[in-house]
Amino acid sequence: MTTPHPIASIVGVLIVALSLSAFLIWVERRLLALWQDRYGPNRVGPFGLLQVLADMIKIFTKEDWIPPFADKPVFVIAPAIIMITVLMSFAVLPVAPGILVSDLNIGLLFFLGMSSLGVYSIVFAGWASGNKYSLLGGLRAAAQMISYEVFMGLSLMGVVLLAGTFDLTTIVEAQRGLWYVIPQFLGFVLFLIAGVAEARRLPFDLPEAEAELVAGFHSEYSGMKFGMFFVGEYLGITLISSMIAVLFLGGWNGPWLPPLVWFLIKVFAFLCFFILLRASLPRMRFDQLMSLGWKVMFPLALANLLVTGAIVLAKK
Amino acid sequence: MLSVIRTIWNVFLHSFRRRVTIQYPDEKPYLTPRTRGRIVLSRDPDGGERCVACYLCAAVCPVDCIALQATEDEHGRRYPEFFRINFSRCIFCGLCEDACPTYAIQLTPDFEMSEYNRQNLVYEKEDLLINGPGKYPGYNFWRVSGVQISGKDKGEGENEAPPTDVYRLTP
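Residues numbered from 1 in each chain as written. Chains lettered and ligands numbered in written order. Predicted model: local features only at pLDDT ≥ 70, side-chain atom pairs only at ≥ 80, totals over all residues.

A.B. asks: Help me out: how do you make sense of the overall build of chain A in this one?
C.D. replies: Along chain A, the regular secondary structure elements total eleven helices and zero strands. Listed by position from the N terminus, the elements making up chain A come as α-α-α-α-α-α-α-α-α-α-α. For chain A, the spread of C-alpha atoms along the principal axes amounts to about 65 × 45 × 40 Å. Counting every position in chain A, which comprises 316 residues, the buried fraction comes to 45%. Pairs at least 24 apart in sequence give 78% of the contacts found in chain A among residues at least 6 apart. (Helix = DSSP H or I, 4+ residues; strand = E, 2+ residues; numbered from the N terminus. Buried ≥ 20, exposed ≤ 12 C-beta atoms within 10 Å, placed from the backbone. Contact = placed C-beta atoms within 7 Å.)

Shown next, in the form of structure tokens:
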């Protein structure tokens, strides 16, 4: 297998990830419209595809306003953190054989660590805005992400037990025969729910909660700083979808089609599923979110881990 | 839990529904003939102006968007010297059409009146007048009314009884 030059991989992943997340704005608006019996943006360019470009021009030329009551350095650095952490996670993502920036043997742990660091972005943003609604959003984000991270990691341990490694490439290759979604169905569902919460998507978008908190942690942000939160959110969805595809749906494995196409199909299906969730489910209340996390998901993840461990031991 | 999955499925089924949006500039929506849109002033079947400048429309207009000035021609017919509708004020309520005694002022189903310049929304009489009788093809106010004009004395209108002689005692 010939691997491309790492710089080429990095540039390729960066360009594809960033343009994909911009493209996702259009996908989301069109799909939401489809499920609400509307058309969505279909005026600018073919199928409204150039809407993304128009929005980008708009957001780049907007005034970049830092409120005088904000904690300036933290306010500026917060949107950068989310972009950096999410883009770093893409480094360990095995897209197709050979298309990979860094083949870390602890790739899964790196991904979990980076998504934990992403919380800081939101907490900092909420704190530095000097606005009570932003602060509430930041607090919610901290509580939500920390509690959902616990069973997010635990739900993945079943996969790690089955594959015997933290290396994502090896995990994908271990699924050549059987995708882990079948032996690890519970883990798959738990990871899916935790992923939605990690990406702060709709049934769990309490940190933003337009109805209660204006726009939550990014109320005070404008211009490209807001754009970075936006892109970070879409990159987060893409990352979670890719991770689900890699860990539970056999990554690039699949008959007939080339590996890259299989990977993209799987990721796109989950992206659509995330948008479908947004189209169909209302936002939870915060105490419901917490009790769901700690009283239902966490014990289930533990039980899943125990049962998987017992079976793996018994098979030895 | 089950209801959540059912909700997601039901929303997904909307992918196969027909979209309700009418893509307006490309597809025109169907407008009923009585849609209240742009106001016109209609003419008699003979081609004369119907408006008798009675001011009822201007009086009833809730936003005061109609302005006119009455005058009389050499036949003794009243007509508006100018007739001005400010469509940037008009709310298309149709009260002027209801108030009009001669079917002169009528609302049409045309609503595409966008302008870049607000001043262009002020329509003068020549902009408002149309060449036809509008919704009431056969009606001619001067022919049926009891008003005296040159060439038609009292009692000479269509279906008009001869005027009562106020000096006679018999009914």
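From this point, the discussion proceeds with the structure in view.
A.B. asks: What am I meant to see in the overall build of chain B here?
C.D. replies: On a plain count of helices and strands, chain B comes out with five helices and five strands. When the helices and strands of chain B are placed in sequence order, the string is α-β-α-β-β-α-β-β-α-α. Rg of the C-alpha trace for chain B: 25 Å, well past the compact-globule value of 16 Å for 171 residues, more than 25% over. When the backbone C-alpha atoms are referred to their principal axes, chain B occupies close to 95 × 45 × 30 Å. A buried classification covers 16% of the 171 residues belonging to chain B. For chain B, the proportion of contacts with a sequence separation of at least 24, taken over those separated by at least 6, is 69%. (Rg over C-alpha atoms; globule rule 2.2 N^0.38 Å.)

A.B. asks: Looking at this structure, how should I read the packing of helix α1 (residues 6-35) of chain A against helix α9 (residues 223-248) of chain A?
C.D. replies: Two packed helices can be described by the angle between their axes and the distance between those axes. Residues and elements named next belong to chain A. It is at 9 Å that the axes of α1 and α9 come closest, and there the two elements cross at 100°. In terms of orientation, α1 lies roughly perpendicular with respect to α9. Contacts between α1 and α9 involve Ala 17, Leu 18, Leu 20, Ser 21, Leu 24 and Ile 25 from the first element and Val 231, Tyr 234, Leu 235 and Thr 238 from the second. (Axes fitted to C-alpha atoms, helices over the stretch in contact; angles between N-to-C directions. Parallel < 35°, antiparallel > 145°, perpendicular 65-115°, else oblique.)

A.B. asks: Quick question: what am I supposed to make of the environment of A:Phe111 here?
C.D. replies: Residue and element names in this part refer to chain A. Structurally, Phe 111 can be placed in helix α4 (residues 107-128). By C-beta crowding, Phe 111 is classed as buried, having 26 other C-beta atoms within 10 Å. Measuring from C-alpha to C-alpha, the distance between Phe 111 and Ile 240 comes to 9.9 Å, with 129 residues separating the pair along the chain. Each residue touching Phe 111, except ones within four places of it in the same chain, is listed here: Ser 89, Val 92 and Met 243.

A.B. asks: Even after reading the chapter, I still don't get the sheet that holds strand β2 (residues 66-72) of chain B, so can you show me in this structure?
C.D. replies: Adjacent strands of a sheet form backbone hydrogen bonds with each other and so pair up, either parallel or antiparallel. Residue and element names in this part refer to chain B. Reading across from one edge, β2-β3-β5 is the order of the three strands in this open sheet, with antiparallel pairing throughout. The open sheet has two edge strands, β2 and β5 (122-123), and neither has a second partner. Both strand β3 (residues 78-86) and β5 contribute to a ladder of two bridges, which runs antiparallel. Residue Ile 85 lies in a different strand from β5, and its bridge partner there is Tyr 123. (Pairing = 2+ DSSP bridges.)

A.B. asks: I keep staring at helix α5 (residues 132-163) of chain A and nothing clicks. Help me out?
C.D. replies: The periodicity of an α-helix, 3.6 residues per turn, causes residues three or four places apart in sequence to face the same way. Residues and elements named next belong to chain A. Taking 1.5 Å as the rise per residue, α5 with 32 residues should run 46 Å; its terminal C-alpha atoms sit 46 Å apart, in good agreement. At Met 157, α5 shows its largest kink, close to 25°. Where α5 ends, the next residue or the one after it, Gly 164, has phi of about 75°, a positive value. (Expected span 1.5 Å × (residues − 1). Bend = angle between axes of the 7 residues up to and from the residue.)

A.B. asks: What is the right way to look at the nonpolar core in this model?
C.D. replies: General note: in soluble globular proteins, nonpolar side chains tend to be found buried as a group. Ranked by internal contacts, the top residues of the largest apolar core, which has 86 residues, are A:Phe151, A:Ala194, A:Ile244, A:Val246 and A:Leu247. Considering every element that reaches this core, the biggest residue donor is α9(A), with 15 residues. Residues contacting A:Phe151, with those up to four places away along its chain left out, are A:Leu190, A:Ala194, A:Met297, A:Phe298 and A:Ala301. The next biggest cluster of nonpolar side chains, apart from the first, holds 20 residues, and it includes B:Ala53, B:Cys57, B:Cys61 and B:Ile66. (Core = buried A, V, L, I, M, F, W, Y, C linked by C-beta atoms within 7 Å.)

A.B. asks: What is the right way to read the packing of helix α7 (residues 185-198) of chain A against α9(A) from this model?
C.D. replies: All names here are of chain A. Put simply, α7 and α9 touch, their axes get as near as 10 Å, and they point 165° apart. Taken together, the axes of α7 and α9 lie roughly antiparallel to each other. Where α7 crosses over α9, the handedness of that crossing is right-handed. Here α7 contributes Phe 188, Phe 191, Leu 192, Gly 195 and Glu 198 to the contact with α9, which in turn contributes Gly 236, Ile 240, Ile 244 and Phe 248. Among the residues making up the contact of α7 with α9, the classes are represented as six nonpolar, two polar and one charged. (Left-handed = near helix turned anticlockwise from the far one by under 90°. Nonpolar A, V, L, I, M, F, W, Y, C, P; charged D, E, K, R; others polar.)

A.B. asks: Explanation requested: the pairing of β3(B) in the structure shown.
C.D. replies: Two faces, one strand: in a regular strand the side chains alternate between the faces of the sheet. Residues and elements named next belong to chain B. The pairing of β2 with β3 spans seven bridges and is classified as antiparallel. Bridged to Ala 67 within β3 is Arg 84. Counted along the chain from β2 to the antiparallel partner β3, the turn is five residues long, and its residue Gly 76 has a positive phi close to 85°.

A.B. asks: Please clarify how unusual backbone geometry should be interpreted in this entry.
C.D. replies: Peptide bonds are, in most cases, trans, and in most cases residues other than glycine have a negative phi. Residue and element names in this part refer to chain B. Phi at Asp 64 takes a positive value of approximately 55°, unusual for a residue other than glycine. Within the secondary structure, Asp 64 is located in the loop between α2 (56-60) and β2. The exposure class of Asp 64 is exposed, given the 10 C-beta atoms found within 10 Å. Of note, Phe 92 is a non-glycine position whose phi angle comes to about 55°, a positive value. Within the element layout of this structure, Phe 92 appears in the loop between β3 and α3 (95-99). Looking at Phe 92, the number of C-beta atoms within 10 Å reads 14, which means it is partly exposed.

A.B. asks: How should the confidence of the model for chain B be read in this particular structure?
C.D. replies: Should pLDDT be low for a region, the predicted coordinates there are not to be read in detail. Residues and elements named next belong to chain B. Summarising the model, chain B shows a mean pLDDT of 88, and 99% of its residues fall at 70 or more. Element-level mean pLDDT values for chain B span from 86 in helix α5 (residues 141-144) up to 93 in α2. Here the prediction assigns the complex a pTM of 0.77, and the interface score ipTM is 0.77. (pLDDT = per-residue confidence, 0-100.)

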